[in-house]
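Observations on the three-dimensional arrangement
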Amino acid sequence: MNTTSRSIWLNAGLVSMLALGACASTPVPTEQLAVTTAAVAQAVSVGGQELAPTEMGVARDKLVRAHLAVAAKDNDQALRLAQEAQVDAQLAGTKAQAAKARKAQAELDEAARVLREEMARKKP
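Structure report, in brief.

Thoughts on the nonpolar core
Among the nonpolar cores identified, the biggest contains 14 residues, and Val 40 and Ala 89 are the most heavily contacted of them. Top contributing element to this core by residue count: helix 5 (residues 75-121), with five residues. Residue contacts for Val 40: discarding those within four places in its chain leaves Met 56, Ala 59, Arg 60, Leu 63 and Ala 89.

The following block contains the structure:
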């Protein structure tokens, strides 16, 4: 086999390996599923279930669908759904925290108003 033939076979082999590598499926998104599960738990812990029920429902639904996709060996879909569920859970947590902050602000505003009234009554 001459150098040119060897080079052609080597290049053909490399192209074949690259093609097979490109066709390789996405691995099971185990880490992303764990991160998403933690994001859902975090959102629940800050009141997401009560204060952002729609977003929590969407996050949980996508997480369940991600697990189903893993079972169906559709890892690309599983990864996409898990990532979306993580974002939805983070949104639910953020909305819950914002709702709590608004409530705390309203309570502070009311306390300040009551204090101002008390101070105005005690002036000579």
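There is more to say after this.
Some details on the side chain of Gln 32
Its location among the elements puts Gln 32 in helix 2 (residues 30-45). Looking at Gln 32, the relative accessible area reads 16%, which means it is buried.

With respect to the pattern of salt bridges
As enumerated under the stated definition, the model contains eight salt bridges in all. Asp 88 serves as the salt-bridge partner of Lys 62, at 3.0 Å between the closest nitrogen and oxygen. You can see Lys 62 sitting in helix 4 (residues 53-71) and its partner Asp 88 sitting in helix 5, a full 26 residues away along the chain. Here Lys 62 falls in the buried class, since its relative accessible area comes to 16%.

Focus on the side chain of Asp 88
Assessed through its relative accessible area of 15%, Asp 88 is described here as buried. Residues within four places of Asp 88 in sequence aside, it is in contact with Glu 55, Val 58, Ala 59 and Lys 62.

Here's the deal with the environment of Gln 90
Following the sequence through the fold, Gln 90 ends up in helix 5. When the C-alpha positions of Gln 90 and Glu 55 are compared, they lie 9.0 Å apart, and in sequence the two are 35 residues distant.

What counts, and where the lines are drawn
- Residues numbered from 1 in each chain as written.
- Predicted model: local features only at pLDDT ≥ 70, side-chain atom pairs only at ≥ 80, totals over all residues.
- Heavy atoms only, no water.
- Core = buried A, V, L, I, M, F, W, Y, C linked by side-chain atoms within 4.5 Å.
- Buried < 20%, exposed > 50% of the residue type's maximum accessible area, 1.4 Å probe, protein only.
- Helix = DSSP H or I, 4+ residues; strand = E, 2+ residues; numbered from the N terminus.
- Contact = heavy atoms within 4.5 Å.
- Salt bridge = Lys/Arg side-chain N within 4 Å of Asp/Glu carboxyl O.

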